[in-house]
Amino acid sequence: MLQIGPYTLPNPFILAPMAGVSEEPFRVIAFRLGAALCPTELVSSQGLMRANQRTLKYLRFDPEVERPYSLQIFGGEPEAMARAAVIGKQYGAQIIDINMGCPVKKVTKNGAGSALLCEPARAAELVRRIHAATGLPVTCKIRSGWDEHNRNYLQVAGELFGAGCAALAIHPRTQAQGYSGKADWDVIADLKRHFPDRPIIGNGDVKTPADARRMRESTGCDFVMIGRAALGNPWIFRELAGGEPPTPEERCEGVLAHFRAHVAFVGDALGAVRSFRRHMAWYAHGLRGAAAFRAEVNALDTPEEVEAAVRRFFASAHFDATALEEEQDVDYRAALG
Ligand SMILES: Cc1cc2nc3c(=O)[nH]c(=O)nc-3n(C[C@H](O)[C@H](O)[C@H](O)COP(=O)(O)O)c2cc1C
């Protein structure tokens, strides 16, 4: 079942929405390398309603490549969420995804993100209202529950599907876990067992193409959503389609293309250089000399300097098992803001 609402996706592999990462440039790259769907990062319903310029920037997308275009919004208030979804539709959204998993306090304190897991009826009301207001397929992304004593994903899923949810993504950690511990894939299998006829998107701790296949086979989920493993490695989607990992030249050209698209997207050169540093750290992860490269680019301020440094480093960079051991884990949480 590769169906989400009226859309039949070409394969089961989806890029996870990631704040500060899943912007238009990166989504376009992932789509081109074979991802079947790349939802936006979470976008504030309040910001959309106020037509906040920064918020509206998140709506930018490439209609040629991003098909279907799925917009993730967050908020706890049904009327506001429905109005925000209508604005999203006017900008081109073809699927509305509701964030019901974000564990960050800034989001949950307003009854949004994973706080919705504590109020399944209200979560379902969001789905109903958004669908009624837009006519678009509405998908949801949940966690397994608020904490280990309240792992109510079956109840939440029942309410959401009852309200017309077109596909459900689950990251099987609780809100309380944040990103610690392990994603419990048994939860994904359990969800699929209880809702065999509904599209289920499994997510969490897929590190390699083999993991992605294993998640599908062992849980029966219809789609696999990949987050951190795609950071600095959007080629994972090409590998999942049977292709090869990038050659050093391809990686180098890929980083440069991403950087140029990022500079155009951000609009100011210094801001773009600074916000691209984390992407460069991810692209360099595991390559010989990565730590020195990171230190070097952190001191650069102009796009020309960055391009020169990228060419120097990536054109000949190779994976190095010892480099991986020496390197600290990449700090993706910095991107959560
Ligand atoms: C940097 C970062 C930003 C994230 N932002 C979002 C977001 O905006 N919306 C969302 O639903 N999940 C967000 N997540 C959660 C991911 O979509 C995903 O559920 C999580 O990373 C687990 O999948 P993984 O193990 O494949 O990374 C974010 C995760 C990371 C690492």
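1. Things to note about the site of the ligand
So, point 1. The local shell around the ligand holds 24 residues, among which A16, M18, L42, G227 and R228 are the closest.
So, point 2. Counting residues domain by domain, the shell around the ligand receives three or more from each of domain 1 (3-240) and domain 2 (248-336).

2. Quick look at helix α12 (residues 269-284)
So, point 1. Here α12 is 16 residues long and its end C-alpha atoms lie 21 Å apart, about the 22 Å a rise of 1.5 Å per residue gives.
So, point 2. Where α12 bends most, at R277, the angle is about 35°.
So, point 3. For α12, the set of buried residues is V273, F276, H279, M280, A281, Y283 and A284.
So, point 4. Summarising the contacts, the buried residues of α12 are in contact with α11 (248-266), α13 (290-298) and α14 (303-314).

3. Re the pairing of strand β7 (residues 138-145)
So, point 1. Judged by how many residues are buried, β7 sits mostly within the fold: eight of eight residues are covered.
So, point 2. Looking at chain direction, strand β6 (residues 95-100) and β7 are connected through five bridges and run parallel. Pairing of N99 across the sheet is with K141, part of β7.
So, point 3. Two elements, β7 and strand β8 (residues 167-174), share six bridges in a ladder whose sense is parallel. Looking at β8, one finds that I142 is bridged to I170.
So, point 4. At this point the chain moves from β7, through helix α7 (residues 153-162), to the parallel β8, and the crossover so formed is right-handed.

4. Digging into the sheet that holds β8
So, point 1. Taken in spatial order, the eight strands of this open sheet run β3-β10-β9-β8-β7-β6-β5-β4, and their pairing is parallel. The two strands at the open ends of the sheet, each matched to only one other strand, are β3 (13-15) and β4 (43-44).
So, point 2. Pairing geometry for β3 and strand β10 (residues 223-226), over three bridges, is parallel. Note that in β10 the partner of L15 across the bridge is I226.
So, point 3. Against the sheet, helix α6 (residues 120-134) touches β6 and β7, its axis set at about 160° to β6.

5. Quick look at the domain arrangement of the protein chain
So, point 1. If you check the domain split of the protein chain, you get domain 1 (3-240) and domain 2 (248-336).
So, point 2. Placing the centre of domain 1 and that of domain 2 at their C-alpha centroids yields a distance of 27 Å.
So, point 3. Looking at the side of domain 1 that touches domain 2 residue by residue, the classes come out as eight nonpolar, two polar and three charged.

6. So, the packing of α6 against α7
So, point 1. Packing of α6 against α7 leaves a shortest axis separation of 8 Å and a crossing angle of 30°. Accordingly, the angle class assigned to the pair α6 and α7 is roughly parallel. Crossing of α6 over α7 shows right-handed handedness. Listed contacts from α7 to P120, A121, A123, A124 and V127 of α6 are Q155, V156, E159, L160 and G162.
So, point 2. Grouping the constituent residues of the contact of α6 with α7 by class yields seven nonpolar, two polar and one charged.

Criteria and thresholds
Residues numbered from 1 in each chain as written. Predicted model: local features only at pLDDT ≥ 70, side-chain atom pairs only at ≥ 80, totals over all residues. Near = placed C-beta within 6 Å. Domains from an automatic or database assignment. Helix = DSSP H or I, 4+ residues; strand = E, 2+ residues; numbered from the N terminus. Expected span 1.5 Å × (residues − 1). Bend = angle between axes of the 7 residues up to and from the residue. Buried ≥ 20, exposed ≤ 12 C-beta atoms within 10 Å, placed from the backbone. Contact = placed C-beta atoms within 7 Å. Pairing = 2+ DSSP bridges. Right-handed = clockwise from strand over helix to strand, strands pointing away. Axes fitted to C-alpha atoms, helices over the stretch in contact; angles between N-to-C directions. Nonpolar A, V, L, I, M, F, W, Y, C, P; charged D, E, K, R; others polar. Parallel < 35°, antiparallel > 145°, perpendicular 65-115°, else oblique. Left-handed = near helix turned anticlockwise from the far one by under 90°.

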